[in-house]
Amino acid sequence: MLRDITIGQHFPGDSIVHNCDPRLKLVATIGYVVVLYACGNAVGVALSILLLLALYAIAKVPVKLILKSLKPIVPIIAFTGIINLLFYPGETPLVSFWIFNIYPEGITFAVLMAVRILALIAGTSLLTYTTSPTVLTDAIENLLRPLSKIHVPVHEFAIIMTIALRFIPTLVDETEKIMNAQKARGAQLDTGKLGQRLKALVPILIPLFISAFRRADELAMAMECRCYRGGAGRTQLKVLKFGKNDFLCLGFCVVTFGIILATRWVFPVIG
Amino acid sequence: MEQMLRAQNVRFRYDPEQPVWALDGVTMDVKKGEFVAVLGANGCGKSTLAKHFNAILLPEEGTVLVEDMDTRTEEKLYDIRQKVGMVFQNPDNQIVATVVEEDVAFAPENLGVPTEEIRTRVDEAMKMAGIYEKRKAAPHKLSGGQKQRVAIAGVLAMRPDCIVLDEATAMLDPKGRRQVMQTIDKLRAAGVTIVSITHYMEEAARADRVLVMSGGRIVMEGTPQEIFAQTGRLHSYHLDVPQAAELRDALEAEGLPAPKQIITPDAAADWLFELLK
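Residues numbered from 1 in each chain as written. Chains lettered and ligands numbered in written order. Predicted model: local features only at pLDDT ≥ 70, side-chain atom pairs only at ≥ 80, totals over all residues. Heavy atoms only, no water.

## Quick look at the overall build of chain A
And then number 1: Per the secondary structure count, chain A includes ten helices and two strands.
And then number 2: The order of helices and strands in chain A, counted from the N terminus, is α-α-α-α-α-β-β-α-α-α-α-α.
And then number 3: For chain A, the C-alpha radius of gyration of 24 Å lies well beyond 18 Å, the compact-globule estimate for 271 residues.
And then number 4: Reported as C-alpha extents along the three principal axes, the dimensions of chain A are approximately 70 × 60 × 40 Å.
And then number 5: A sequence separation of at least 24 residues applies to 75% of the contacts in chain A between residues at least 6 apart.
And then number 6: Accessible surface computed for chain A: about 16100 Å², of which carbon and sulfur atoms make up 72%.
And then number 7: In chain A, the 26 positive side-chain charges and the 16 negative ones have mean positions that sit 3 Å from each other. (Helix = DSSP H or I, 4+ residues; strand = E, 2+ residues; numbered from the N terminus. Rg over C-alpha atoms; globule rule 2.2 N^0.38 Å. Contact = heavy atoms within 4.5 Å. Areas by Shrake-Rupley, 256 points an atom, 1.4 Å probe, with all protein chains shown as cover. Lys, Arg positive; Asp, Glu negative; His and termini not counted. Charge placed at Lys NZ, Arg CZ, Asp CG, Glu CD.)

See below:
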């Protein structure tokens, strides 16, 4: 069951979306989310979805993966959809029952909102699908580097991220081993009331924590042996370079985002 | 021949309040290019000694010299660590990055090596350790032996003169152990000094010199042939002899005098072949 947990699922590939500078991808994803909400009309949202689908097609990420990333948020969408439907104010109610009035405006707004959330998740997923966690960490470190001038420990955050990503699979394996060991001793992990189940977790968490601390200790020593002394004076194997292709991508993003945003002044803004 | 490592009357204890000495007057040296194996039962101080060679631990009394640099000289700390690389038991707890080549690059990155040179060093180290084909892989997808070779490559990328293996094969299966031993042979051929702390007598039998530790002291020293000829004495330090030497002793007990220098399976096979011909 623990094997199903995947953080930062990466779908390796060799498309222009994959190879584009990760810093640009990160900024563009944030830009995309802003544009998605700022355009405020159905045409704009439709265009942004078209853009996203085009990018997914270029990246050759299978449709199945998109659906998989969207599945967990269906309840959230349904919830916000219903709330918007019931409480969005309008002029002439379409249906009224008990204390609720449903207006046509409410329906359009609810649909628009649901589509936006879907696009938001699919858009950010595209980033994690096409960028490996390490590269993404590099990009974040690189973008935040100016902050180290004001003593924000940017390098430390980056190394913490890298080590966390590195140890997730190791600790997942370890958890499975401990669970099996405790099951072999008669622990019942999958049955019983909630309280009992929570209690049954204690003999799993304690060994897991102890082992994690021991690992941390050894890792620290191994890092010292390899001359680690913080971020000062460190060089890098892979230096991020903003190449010609990246400028093209940047141009593409500016133009498409601009067009989507421009629809705001052409079509009526909803909500 | 010049000395790579020198320990002079080193004493060390983990708790300065207690009169329990983990190292109780160790004097030893390792020549450049030599392969020294250190044997000893659990708690004899062999891992503690290993950690003195690159200033992870500092002696309470006595001195440890790495090519004439005292490990207590703080300004030389990173020179010492760059010269003496250390590989530990659990490969999982030594790998920092999520991609093999990035992990191998960790040490040169820390040393501030220019980017282009990191690339050449990393490729060189990965080829030496025999994991070049796996350079893009995630460490958790590798086998134990492969992971340990990644750890060795990570140390090699510093271009050390000496590598200390602190029970580096203890957690590996026979196949992984063989892979790591092959890598060690390659390093030896390249002139790297090797100190191997080990439980496996078969590994020690391949060394140039064997040290046996007990109770924080060095109690035996000599070539593998000399050491493994003294089965009784080794047993008194809770150590075994290699299987080939065990066979030799068993045959001798049955009245078949076997030469003392038989300590490797190959030597035993050759001798038996001659005998049976």
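## Things to note about empty space enclosed by the protein
And then number 1: Under the counting rule described, the total for this entry stands at three cavities of 30 Å³ or more.
And then number 2: When its volume is computed, the largest cavity comes out at roughly 280 Å³.
And then number 3: Forming the walls of the largest cavity are 17 residues, and the residues nearest its centre are D138, T162 and R234 of chain A together with E102 and E109 of chain B.
And then number 4: Sorting the residues of the lining of the largest cavity by element identifies α7 (133-144) and α8 (154-184) of chain A together with α4 (106-111) of chain B as the ones contributing at least two each. (1 Å grid on protein atoms, 1.4 Å probe; cavity = no way out; pocket = protein on both sides within 12 Å on 5 of 7 lines; lining within 4 Å. Points joined across faces, edges and corners; volume = space filled by probe spheres on them.)

## Digging into helix α11 (residues 243-253) of chain B
All names here are of chain B.
And then number 1: Among all positions of α11, only A244, A245, R248 and D249 are buried. Each buried residue of α11 sits inside an arc of 140° when the element is viewed along its axis, so together they form one side. α11 presents Q243 and A253 as exposed residues on the side facing more than 90 degrees away from its buried surface.
And then number 2: Tucked into the core, α11 has its buried residues touching α9 (224-228), α10 (231-236) and α12 (265-276).
And then number 3: G255 sits one or two positions beyond α11 and adopts a positive phi of about 90°. (Buried < 20%, exposed > 50% of the residue type's maximum accessible area, 1.4 Å probe, protein only. Arc of directions from axis to C-beta.)

## A look at the environment of D240 of chain B
Residue and element names in this part refer to chain B.
And then number 1: Here D240 lies in the loop between α10 and α11.
And then number 2: Residue classification places D240 among the partly exposed residues on the basis of a relative accessible area of 44%.
And then number 3: For D240 and T223, which are 17 residues apart along the polypeptide, the C-alpha to C-alpha distance reads 16 Å.
And then number 4: Every residue in contact with D240, bar those within four places of it in the chain, is listed here: M201, F228, L234 and H235.

## Brief notes about the pattern of salt bridges
And then number 1: Taken as a whole and judged by the stated rule, the model has 31 salt bridges over all chains.
And then number 2: The shortest N-O distance in the salt bridge between R23 of chain A and D21 of chain A comes to 2.9 Å.
And then number 3: Ionic pairing is found between K238 of chain A and E102 of chain B, a salt bridge with its closest N-O pair at 3.2 Å. Placement of K238 of chain A in the loop between α9 (194-225) and α10 (244-266) and of E102 of chain B in helix α3 (residues 100-104) is noted, with the two residues assigned to different chains.
And then number 4: A residue is classified by how much of its surface remains accessible, and K238 of chain A, at 37% relative accessible area, is partly exposed.
And then number 5: Classification of E102 of chain B as buried rests on a relative accessible area of 15%.
And then number 6: Taken together, the shared-partner salt bridges in this structure form one network comprising K238 of chain A together with E101, E102, R119, D123 and K136 of chain B. (Salt bridge = Lys/Arg side-chain N within 4 Å of Asp/Glu carboxyl O.)

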